[in-house]
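Chain by chain, the residues:
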Amino acid sequence: MDKIITRFPPSPTGALHIGGARTALFNWLYARRMGGAFVLRLEDTDKVRSTQESVDAIFQGLEWLGIDWDEGPFYQSKRTEIYQEYIQKLLDSGNAYYCTCSPETLDEKRKAAMARGDKPKYDGTCREKGLTNADNAVVRLKAPLTGKTVFEDKVKGTIAFDNQELDDLIIARSDGSPTYHLAVVVDDITMGINTIIRGDDHVSNTPRQVLLYNALDYPVPIFAHVPMVLGADKKRLSKRHGATSVIEYKHMGILPQAMINYLARLGWSHGDQEFFTVDELKDVFSLENIGKSAGVFDPARLLDLNADHIRAAADKDLAPIFIEQLAKLGIQAEDGEYLYQVMETLKPRAKTMVELAEKALFYYQDTIEYDPKAAQKCLIPEAIRPLEALIEKLDSVDVSDEKQVENAFVQVMESTGLKLGKIAQPVRVALTGQTASPGIFEIVQILGKAKVTARLRAAMDYIRTQNA
Ligand code: GLU
């Protein structure tokens, strides 16, 4: 079998959105799985809507996801000569012809056809005229008038269109510039693309493109048209459903591997498996398992999957992202053992990297700001005695040993006659400012004796001032 060559050809008219990222991912995974190549091409012929900003945003999205390409980026805007060469080939082989019908005439004919109840379609006026290039002439493909254009789709099965329904497609405008279908097919041919995975909004374009392959005498690629991504209301995914650009998810603290996992499962499956690493996906992704029904984008599911990936990630891989998120909160944290210990206590509790950083603040702050409700409930005069007793006990304890820390708490329970909760809760608020946190012994161990003692003293001072 030939080497598989897939492509991602976004039109740079906006950021990389969920649907586009999924298309890119499927093509990339399939190329990786098959030991093939993945081509990036920017379909930037719409001069009004294409912007450099969008090109940059697409690169940024792909880079974040870790989707790399083997060839390109190619820009359609720089390939005009190649398109012209192929238009000429089609003219020379008699598969295309010049048409001088004016837009006004075509418009009248279209209206008349509709009034008769016929399908508006080019009537072939110039088809057999044998015109040579003239001012304002367009070039049309000489499409078959009868029969069917049939192609096999890996997702949808056999798809057939009546040639009668298909027009003599314009392939070059009167200024000589190529039209969309011509450019796409010439690109796919010259880039050696043999597998096209794309959204099923392109199904109706495919027969026209197949006719171009036939006219150019090139084998038709394998197609896999993937159902669109929908929102929870089963409408096509749009801003109404939340963030649609993938990079927004980076800012929300989603890990790229979680996004990849989520996008892969949006319209593709592998038994019941939900959690995949990127390497695993590269091993098992197949066209056969693309589903026939639309994937529904569910942000809550993405968050759950992100939590799983946070838990599964190696600390050293999470560290740079964690440091970046902490920096956004004004904390300059250093990579190292302290950071890893902090992360370990919080990984089971965070759904996003933003949350992980927010929950880590108390590990880095010099003064603890108490949550008012937590303070009101736990930093009360009755807490002074256990806090004081704990400071005393910790004095003779090696806090790097969690067992010894636990023992200190047990001794305070014994000496005060209080239950663990009555001791641990004020301590927790003193050390973290909150009533919920990772395990209190772990926190003491990580913060170290000096910080713990200072925070317990500060809490006692706070209680005294409140009750003075
Ligand atoms: N540029 C087209 C788009 O962004 C893709 C064309 C194709 O996949 O053939 O929808």
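Structural data are supplied above this passage.
The paragraphs below set out a description of the structure included in this document. Only a predicted model underlies this, so the values are computations on that prediction, with no experimental measurement involved.

## Quick notes on unusual backbone geometry
For step 1, the next point in the chain: Here the bond from G72 into P73 is cis, since omega is 0°, no more than 30 degrees from zero.
For step 2, the next point in the chain: With respect to the helices and strands, the residue P73 is situated in strand 3 (residues 71–75).
For step 3, the next point in the chain: Within the chain, D217 stands out as a residue other than glycine whose phi angle is a positive 60°.
For step 4, the next point in the chain: Look at D217 and you get exposed, because its relative accessible area is 69%.

## What to know about the pattern of salt bridges
For step 1, the next point in the chain: What the rule picks out here adds up to 31 salt bridges.
For step 2, the next point in the chain: With a shortest N-O distance of 3.3 Å, D187 and R41 are connected by a salt bridge. Here R41 lies in strand 2 (residues 37–42) and D187 lies in helix 5 (residues 180–190), a separation of 146 residues in the sequence. Take D187 and R41: they sit in the same class, and that class is buried.
For step 3, the next point in the chain: In this structure, D107 engages R110 in a salt bridge whose closest nitrogen and oxygen atoms are separated by 3.0 Å. With D107 and R110 both in helix 4 (residues 103–116) and 3 residues apart, this pair spans about one turn of that helix.
For step 4, the next point in the chain: Connected through salt bridges with shared partners, the residues R7, R41, E43, R79, D187 and D188 form a single ionic network.

## A closer look at the packing of aromatic side chains
For step 1, the next point in the chain: By the definition in use, this model includes 12 aromatic pairs.
For step 2, the next point in the chain: With a centroid separation of 5.4 Å and 80° between ring planes, the pair formed by Y262 and F297 is classed as edge-to-face. Of this pair, Y262 sits in helix 8 (residues 256–264) while F297 sits in the loop between strand 12 (295–296) and helix 10 (299–312); the two residues are 35 residues apart in sequence, bridging distant segments of the chain. We note that Y262, like F297, is buried.
For step 3, the next point in the chain: Following the ring pairs from residue to residue traces out a cluster consisting of F26, W268, F276 and F285.
For step 4, the next point in the chain: Of note, K78 hangs over the ring of Y75, and the distance from its end group to the ring centre comes to 4.4 Å.

## Comments concerning the packing of helix 1 (residues 18–33) against helix 8
For step 1, the next point in the chain: Two elements in contact, helix 1 and helix 8, have axes separated by 9 Å at closest approach and are oriented at 85°. The orientation of helix 1 relative to helix 8 falls into the category roughly perpendicular. Residues I18, A21, R22, L25 and F26 of helix 1 form the contact with helix 8, whose own contacting residues are M259, I260, L263 and A264.
For step 2, the next point in the chain: Each residue belonging to the contact of helix 1 with helix 8 can be placed in one class, and the counts come to 8 nonpolar, no polar and 1 charged.

## Examining the nonpolar core
For step 1, the next point in the chain: Of all hydrophobic cores here, the largest spans 107 residues; its most connected members are I18, M259, F322, Y363 and L456.
For step 2, the next point in the chain: A total of 9 residues in this core trace back to one element, the largest contributor, which is helix 1.
For step 3, the next point in the chain: The contacts of I18, once residues within four sequence positions are left out, are V229, L237, A243, T244, V246, Y249, M259, L263, L266 and F297.
For step 4, the next point in the chain: Counting residues in hydrophobic clusters, the runner-up holds 36 residues, among them Y83, A137, A172 and V186.

## Re the pairing of strand 10 (residues 222–226)
For step 1, the next point in the chain: Within strand 10, 4 of the 5 residues are buried, which leaves the element mostly enclosed by the surrounding structure.
For step 2, the next point in the chain: In terms of strand pairing, strand 9 (residues 195–199) meets strand 10 through 5 bridges, oriented parallel. Looking across to strand 10, one finds that G199 is bridged to V226.
For step 3, the next point in the chain: For the handedness criterion, the β-α-β arrangement of strand 9, helix 6 (residues 206–216) and strand 10 is classed as right-handed.

What counts, and at which threshold
- Residues numbered from 1 in each chain as written.
- Predicted model: local features only at pLDDT ≥ 70, side-chain atom pairs only at ≥ 80, totals over all residues.
- Heavy atoms only, no water.
- Helix = DSSP H or I, 4+ residues; strand = E, 2+ residues; numbered from the N terminus.
- Buried < 20%, exposed > 50% of the residue type's maximum accessible area, 1.4 Å probe, protein only.
- Salt bridge = Lys/Arg side-chain N within 4 Å of Asp/Glu carboxyl O.
- Phe/Tyr/Trp six-rings, centres within 6.5 Å; stacked < 30°, edge-to-face > 60°.
- Lys NZ or Arg CZ within 6 Å of the ring centre and 35° of its normal.
- Axes fitted to C-alpha atoms, helices over the stretch in contact; angles between N-to-C directions.
- Parallel < 35°, antiparallel > 145°, perpendicular 65-115°, else oblique.
- Contact = heavy atoms within 4.5 Å.
- Nonpolar A, V, L, I, M, F, W, Y, C, P; charged D, E, K, R; others polar.
- Core = buried A, V, L, I, M, F, W, Y, C linked by side-chain atoms within 4.5 Å.
- Pairing = 2+ DSSP bridges.
- Right-handed = clockwise from strand over helix to strand, strands pointing away.

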